[in-house]
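Chain by chain, the residues run as shown.
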Number of protein chains: 2
Amino acid sequence: MPNYDLLITNATLLANTVDGDLQESAYLAVLDGAIAGIGAMADLPARLGAERIIDAAGNLLMPGLINCHGHGAMTLFRGLADDLPLMTWLTEHIFPAEARLVEAEMVYWCSKLAAAEMIMGGTTTLADAYFYEAAAAKAFCEAGLRTVAAQGIIDFPAPGVPDPAQNIAAAADFLSSWQGKNPLLTPALFCHSPYTCRPETLQRAKELAREAGSLFFIHLAETREEVAQLRKQHGCTPVALLQALGVLDKNTICVHCIWLEEGDIGLLRESGAKVVTCPESAMKLGAGIAPLGELLAAGVAVGLGTDGCASNNDLDLFQEMASCARLHKVAGLDPTILPAGALLGMATGAGARVLGLAGQTGRLAVGLRADCIIIDGRQPHLTPFHNPATLVYAGRGSDVVTVLIDGQVVMRDRQLLSFDLGETMGEVRRLAGRVRAGE
Amino acid sequence: MPNYDLLITNATLLANTVDGDLQESAYLAVLDGAIAGIGAMADLPARLGAERIIDAAGNLLMPGLINCHGHGAMTLFRGLADDLPLMTWLTEHIFPAEARLVEAEMVYWCSKLAAAEMIMGGTTTLADAYFYEAAAAKAFCEAGLRTVAAQGIIDFPAPGVPDPAQNIAAAADFLSSWQGKNPLLTPALFCHSPYTCRPETLQRAKELAREAGSLFFIHLAETREEVAQLRKQHGCTPVALLQALGVLDKNTICVHCIWLEEGDIGLLRESGAKVVTCPESAMKLGAGIAPLGELLAAGVAVGLGTDGCASNNDLDLFQEMASCARLHKVAGLDPTILPAGALLGMATGAGARVLGLAGQTGRLAVGLRADCIIIDGRQPHLTPFHNPATLVYAGRGSDVVTVLIDGQVVMRDRQLLSFDLGETMGEVRRLAGRVRAGE
């Protein structure tokens, strides 16, 4: 009689991404969506069995990756407007396209495409932030992706919230509709930035988040222009502004934090606020290089994000790890900066801590939810495989063959199982025709 | 009766990578290894046929990529020693491992693995540089990869050339053995650097290259330390030293050129020397950021290279294009720097010009050799596909499904056809065991 729902056997195991030790010939057992056993095949009692067995011989088993910041629905705008000055890109291309095209149906299908891309690239948890976030949440739940879904708040007419005076009420509706609704989904709030949200909006949103026990995301200190503008308006840095408004605490997640000034890192550390870095987006937009070494040295929890497809343009966290490591090494002219283990940690355990999900995911250990990925280690570009750093510097999302989220096999042998990918790509292509027709 | 050896039909064609125009529903015809026809399906006379037809409906057809600098055999050292200071990495790990392990058999198998990785990533031409280059040349020819193979020259005991006094003679042997031997292979010379080759060696090697009409490769101005050392020894920059020695001309290919000083770019331009940039390697080693914008603005021909697997750690030119664009945008805090088309050009046509192969490859046009790749455009991370920039910012080597080199189908539907990949990976794994045993 089976003891487990699912058993992964004969894997090369990377259970803890930070120390980087590989365990040959390991198993992982799943029961009721959780990890019920993990260890050496030799220690797996012969009498134990499972409904379903996945033989991972020759392959690597590791925790699923955690994307701490994205705008899933922006897959529609992938490659719409590249290589342009940031404000031209934003105000002449992205904002107009969003105003014209973003509606619940678009968010649903384009978020679902993002879910497919992420699952097929080994991401098992996403922190999403967009408008019509209820449609996004529906898509991610159907995809079987673990998600922190944050409803966007901005003091301009926004998709789904034409009257900015209603933005907090709309966010409150989103929180109350989704709290406790699906075990995979945690609702949250996303204030776009301190230059698009008034101080009162930031405070009211944070108050709402506190009442609901929710995370509060915000784009912060992304460009020099933003810092200059806020200094002119408020006489302080973006981080100091959040602190002065009482918005900075351990449930506040500051995305980007590129242009930090003296005192900012101290404020982040003391408040317990978290940081998410999105290096490929910041590189492509020419936004700048975050002081990641200083943030990590100060003990600030830092997660890794892809940002949206309009500025990245993909959602591959393997390549994001490599880009992050390489960028900071060359910026500091020091190859010892951000070793591979630090990146693997950011993309797994540290990401889980940033999102308040460390009790559920980010490592492979008994009792945690079974969020794990199997990587084909027998490919030319991963041969030889001297150590896990190879995953960072030579791995890519397409090396992932099988993905479990919450114990469910959502991809097997590169076949997405949780929904109809062809239908989703067809719907997104139809919507993309409307994008081009309006250009 | 067939008119062509092979016909690719119904492709979305990107014939010229620089202007970026896509042509829907196109064909490409191959006869005797060359492109015999290219254009709209509607213009393909119905009576024409081919021995073999590849239907590329839904897929993208473009020129194969050109890797202008690599050390193929160093696949063995992939991930051997990451995140270390450059000189520690080189002198304590790479040089000792090379001294212990590099022999003809190792170079043969590890170059073959590199060929597999490159072909499977859409690279159809490689400029390789290593020791035992005859073994590398044999591997690349068997793999069906178009190759400029350069025999290494260094004023230290080297693999295959224990007595440095014989390094020019060994290189001369290599040139004479391989000239005219295989239409895919062009032999050349590779002086490791001006800090490992004496001035006399550089001059004698260049003289030999001139006599043979061969390309002369050299690592140049890669680190600040190199520049400081040469200034101390010779009172000038690395570029100026080559100029003073009479080594700089249109057949000299300077790899890296990161730390250029005033006057260097002028010397490169006036001499007609070429430059190869390897951004991922330079980033990971913390070497620095080449002044690519200034080089291109001066009209210097610049190709793109991966460098070897000990410092990259993969041979994926798609990711190299993205890294190159992103790095220079963030370094200049300007997203308009190096637009996607510039990268596609560097990785194809400009690369061919750098290697003196523009009459054979780098574009898809009648009369050129049939070096082309078919990309699966129906994947989530390439959907939607608004324009070819998506290949740069979201594409990766694993998107390539079919590869033709010199008209031969060397990969079809991700299956490598030109040699036994399993055998090669097995041999490299066996050699990798010896690497670890010696650590």
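Residues numbered from 1 in each chain as written. Chains lettered and ligands numbered in written order. Predicted model: local features only at pLDDT ≥ 70, side-chain atom pairs only at ≥ 80, totals over all residues.

**Here's the deal with the overall build of chain A**
- When helices and strands are counted, chain A shows 14 helices and 17 strands.
- Relative to the globule expectation of 22 Å for 439 residues, the C-alpha radius of gyration of chain A, 21 Å, shows essentially globular dimensions.
- Considered along the principal axes of its C-alpha atoms, chain A spans approximately 70 × 45 × 40 Å.
- Residue pairs in contact within chain A that sit at least 24 positions apart in sequence constitute 74% of those at least 6 positions apart. (Helix = DSSP H or I, 4+ residues; strand = E, 2+ residues; numbered from the N terminus. Rg over C-alpha atoms; globule rule 2.2 N^0.38 Å. Contact = placed C-beta atoms within 7 Å.)

**Describing helix H5 (residues 199-212) of chain B**
Residues and elements named next belong to chain B.
- Between its first and last C-alpha atoms H5 spans 20 Å; for 14 residues at 1.5 Å apiece the expected length is 20 Å, and the two agree.
- Regarding H5, the residues found buried are Thr201, Leu202, Ala205, Lys206 and Ala209. Viewed along the axis of H5, the buried residues span an arc of 125°, placing them on a single side of the element. Exposed residues lying more than 90 degrees from the buried face of H5 are Glu200 and Glu211.
- Tucked inside the fold, the buried residues of H5 contact strand S8 (146-153), helix H4 (167-178), strand S9 (185-191) and strand S10 (216-220).
- Of the residues flanking the end of H5, it is Gly213, one or two places downstream, whose phi is positive at about 65°. (Expected span 1.5 Å × (residues − 1). Buried ≥ 20, exposed ≤ 12 C-beta atoms within 10 Å, placed from the backbone. Arc of directions from axis to C-beta.)

**Looking at the packing of helix H2 (residues 104-120) of chain A against helix H3 (residues 133-143) of chain A**
Residue and element names in this part refer to chain A.
- For the pair H2 and H3, the least separation of the axes is 8 Å and the interaxial angle reads 35°. Once H2 is placed against H3, the crossing between them reads as right-handed. Taken together, the residues of H3 that come into contact with H2 (itself represented by Ala104, Val107, Tyr108, Ser111, Lys112, Ala115, Ala116 and Ile119) are Ala135, Ala136, Lys138, Ala139, Phe140 and Ala143.
- Here the contact of H2 with H3 is built from residues that sort into 11 nonpolar, one polar and two charged. (Axes fitted to C-alpha atoms, helices over the stretch in contact; angles between N-to-C directions. Left-handed = near helix turned anticlockwise from the far one by under 90°. Nonpolar A, V, L, I, M, F, W, Y, C, P; charged D, E, K, R; others polar.)

**Regarding the relation of the copies chain A and chain B**
- With an RMSD of 0.0 Å, the fit of chain A onto chain B corresponds to turning through 180° and sliding 0.0 Å along the axis. Taken together, the turn and the small shift mark the pair as related by a two-fold rotation axis.
- Mapped onto chain B, 100% of the interface residues of chain A are again interface residues, and the two copies thus contact each other with one and the same surface. (Least-squares fit on C-alpha atoms with pLDDT ≥ 70 in both.)

**Points about the interface of chain A and chain B**
- Across the contact, 57 residues belong to chain A and 57 residues belong to chain B.
- Those elements that place two or more of their residues in the side of chain A that touches chain B are H2, helix H9 (279-284), helix H11 (317-331), helix H13 (389-393) and helix H14 (421-437) of chain A.

**Section: the pairing of strand S3 (residues 34-40) of chain B**
Residue and element names in this part refer to chain B.
- When strand S2 (residues 23-31) meets S3, the two strands line up antiparallel, connected through six bridges. The partner of Leu28 across the bridge, within S3, is Ile38.
- The turn linking S2 back onto S3 is made up of two residues, and Asp32 within it adopts a positive phi angle of 50°. (Pairing = 2+ DSSP bridges.)

**So, the sheet that holds strand S6 (residues 65-70) of chain B**
Residue and element names in this part refer to chain B.
- What the eight strands build is an open sheet, ordered S6-S7-S8-S9-S10-S11-S12-S13; its pairing is parallel. The open sheet has two edge strands, S6 and strand S13 (302-304), and neither has a second partner. Geometrically, the sheet is characterised by an average inter-axis angle of 25° between neighbouring strands, direction not taken into account.
- In terms of strand pairing, strand S11 (residues 252-256) meets strand S12 (residues 274-277) through three bridges, oriented parallel. Bridge pairing links Ile253 to Lys274 in S12.
- In the packing of helix H2 (residues 104-120) onto the sheet, the strands contacted are S6 and strand S7 (123-130), and the crossing angle to S7 comes to about 150°.
- Seen against the sheet, H4 touches S8 and S9 and runs at an angle of roughly 160° to S8.

**Some details on unusual backbone geometry**
- Residue Pro384 of chain A is bonded to the preceding Thr383 of chain A through a cis peptide linkage, with omega at -10°.
- Note that Pro384 of chain A resides in the loop between strand S14 (372-376) and H13.
- The residue Asp413 of chain B is not glycine, and still its phi comes out positive at about 50°.
- Turning to its location among the elements, Asp413 of chain B is positioned in the loop between strand S16 (408-412) and strand S17 (415-416).
- Given 10 C-beta atoms within a 10 Å radius, Asp413 of chain B is considered exposed.

**Quick look at the environment of Val239 of chain B**
- Looking at the element boundaries, Val239 of chain B is found in helix H7 (residues 238-244).
- Once residues lying within four places of it in the same chain are set aside, the contact partners of Val239 of chain B are Leu220, Ala221, Leu260, Asp264, Leu267 and Leu268 of chain B.

**With respect to the domain arrangement of chain A**
All names here are of chain A.
- Splitting chain A by domain gives domain 1 (4-63 + 369-414) and domain 2 (65-354).
- The C-alpha centroid of domain 2 is placed 29 Å from the C-alpha centroid of domain 1.
- Counting from both sides, the interface comprises 21 residues of domain 1 and, opposite them, 23 residues of domain 2.
- Of all the secondary structure elements, the ones that give two or more residues to the side of domain 1 that touches domain 2 are H13, strand S15 (400-405) and strand S16 (408-412).
- Considered class by class, the residues forming the side of domain 1 that touches domain 2 number 13 nonpolar, five polar and three charged. (Domains from an automatic or database assignment.)

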